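Descriptive analysis of the structure
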Amino acid sequence: MNPYLWRMLERFSSPWRRDRESKTAAYSIGASETGKTFDNLGASGAVTLTLPQVGSNLKGVIFNFVVAAAQDFRIDPGAGGAFYVNGAKQSDDKYLESAYIGDMITVESDNNGDWVVSGVTVIDVSSKYNAASVDDRFMTANRPWRVIGVRATVTVAGSDGSAVTAEVEKVPSGTAIASGVDIATATFNLKGTANTVQAGTLTSTDADLDLVAGDSLAVDFTGTLTAATGVITVALSNWKVEG
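It should be emphasised that the depicted structure is a prediction, and the values quoted were computed from it without experimental measurement. (Residues numbered from 1 in each chain as written. Predicted model: local features only at pLDDT ≥ 70, side-chain atom pairs only at ≥ 80, totals over all residues. Heavy atoms only, no water.)

What about the overall build of the chain?
- Per the secondary structure count, the chain includes one helix and 22 strands.
- Dimensions of the chain, computed from the C-alpha atoms along their principal axes, are close to 75 × 35 × 30 Å.
- Intrachain contacts of the chain at a sequence separation of at least 6 include 74% that bridge at least 24 residues.
- A total of about 11,400 Å² of accessible surface is found on the chain, and carbon and sulfur atoms cover 51% of it. (Helix = DSSP H or I, 4+ residues; strand = E, 2+ residues; numbered from the N terminus. Contact = heavy atoms within 4.5 Å. Areas by Shrake-Rupley, 256 points an atom, 1.4 Å probe, with all protein chains shown as cover.)

Digging into the sheet that holds strand S2 (residues 27-28)
- Pairing in this open sheet of five strands is mixed, and the strands run S2-S4-S6-S9-S22 from one edge to the other. What marks the edges here is a single partner per strand, and that holds for S2 and strand S22 (240-242).
- Pairing of strand S9 (residues 95-98) with S22 involves three bridges; the strand directions are antiparallel. The residue bridging glutamate 97 from the neighbouring strand is lysine 240, located in S22. (Pairing = 2+ DSSP bridges.)

Observations concerning the sheet that holds strand S11 (residues 115-118)
- If you walk across this open sheet you meet the seven strands as S1-S3-S5-S10-S11-S7-S8, and the pairing is mixed. Of all strands in the sheet, those bounded by a partner on one side alone are strand S1 (20-22) and strand S8 (88-89).
- By the bridge criterion, two bridges tie strand S7 (residues 83-85) to S8 in an arrangement that is antiparallel. Following the sheet pairing, tyrosine 84 is matched in S8 by lysine 89.

Notes on the nonpolar core
- With 27 residues, the main nonpolar core has Met139, Ile232, Val234 and Leu236 as its most contacted residues.
- Elements supplying a minimum of two residues to this core: strand S12 (122-129), strand S13 (136-140), strand S14 (145-156), strand S15 (165-171), strand S20 (216-222) and strand S21 (229-237).
- Looking at which element gives the most residues to this core, the answer is S14, with five residues.
- Judged by nonpolar contacts, the second largest core, of 23 residues, contains Phe38, Ala43, Val47 and Val54. (Core = buried A, V, L, I, M, F, W, Y, C linked by side-chain atoms within 4.5 Å. Buried < 20%, exposed > 50% of the residue type's maximum accessible area, 1.4 Å probe, protein only.)

Overview of unusual backbone geometry
- In this structure, aspartate 93 takes a positive phi of about 70 degrees despite not being glycine.
- Of note, aspartate 93 is situated in the loop between S8 and S9.
- In this structure aspartate 93 comes out as partly exposed when scored by relative accessible area, which is 33%.
- Located in the positive-phi region is asparagine 195, a residue other than glycine, with phi close to 60 degrees.
- By relative accessible area, which is 61% here, asparagine 195 ends up exposed.

Things to note about the layout of surface pockets
- Estimated volume of the largest pocket: approximately 340 Å³.
- In terms of lining residues, the largest pocket is bounded by 17 residues, among which Gln90, Arg146, Ile148, Asp206 and Val241 are the most central.
- Elements with a contribution of two residues or more to the lining of the largest pocket: S14 and S22. (1 Å grid on protein atoms, 1.4 Å probe; cavity = no way out; pocket = protein on both sides within 12 Å on 5 of 7 lines; lining within 4 Å. Points joined across faces, edges and corners; volume = space filled by probe spheres on them.)

A short note on the pairing of strand S4 (residues 47-50)
- Only one face of S4 is covered, namely the one carrying Val47 and Leu49; the face carrying Thr48 and Thr50 has none of its residues buried.
- The sheet contact formed by S2 and S4 spans two bridges and is parallel. Bridge pairing in S4 places serine 28 opposite threonine 50.
- Sheet topology note: the S4/strand S6 (residues 73-76) ladder contains four bridges and is parallel.

Re the environment of proline 172
- The topology assignment puts proline 172 in the loop between S15 and strand S16 (181-182).
- A residue is classified by how much of its surface remains accessible, and proline 172, at 30% relative accessible area, is partly exposed.
- A C-alpha to C-alpha distance of 17 Å links proline 172 and alanine 184, two positions 12 residues apart in sequence.
- Ignoring any residue separated from it by four or fewer positions in sequence, one finds proline 172 in contact with Arg137, Gly214 and Asp215.

Following this line, the structure appears as structure tokens:
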């Protein structure tokens, strides 16, 4: 019997039970294993699981992944596949990674050899500013996060004659805000058009976008804010896109 069909029959015969396997070394998953949950329990280092290369004839293949050891757990779509995650299709062969115990995702194949991801946690953290604002930490991580976006919205434009800007920094514990790492390639213009979103371009250095427990996000202002008001928002994801 076709192993894929056998797998499906097995699932329907035991609907209350989900097969689960722990992997401590690299492994290539077969399409016939659809419905399985994989974890990295017992791993002492990074583990990469590679998804099957599926086409339109095998759409709807589903796998679940759970981080069970505090080691990098990587889910690779393979050279011919890509993930739909965090609001966009990623580049082919970019893998997902987490090392935080309890993080869990589900991936399902589409009809084009790619994978739709669910279960990723994305949060927004914001810092409002006004004329009295000073450089300030507005979030301290209690677990690993990856910065996936940064935006600013001016509600009242600054009126000072000189430049008025803000930069969002990643600041490790024990480090001054001014010595933090820029997460975007340019500053936000706090004299920009009111009620208009400014979308920041993230740095291409992934390490500068990764927060570990104890790292903070902070706003570093330049110039005199005077009448300036607005909000700066950073988006964070618990799974990283790498590769």
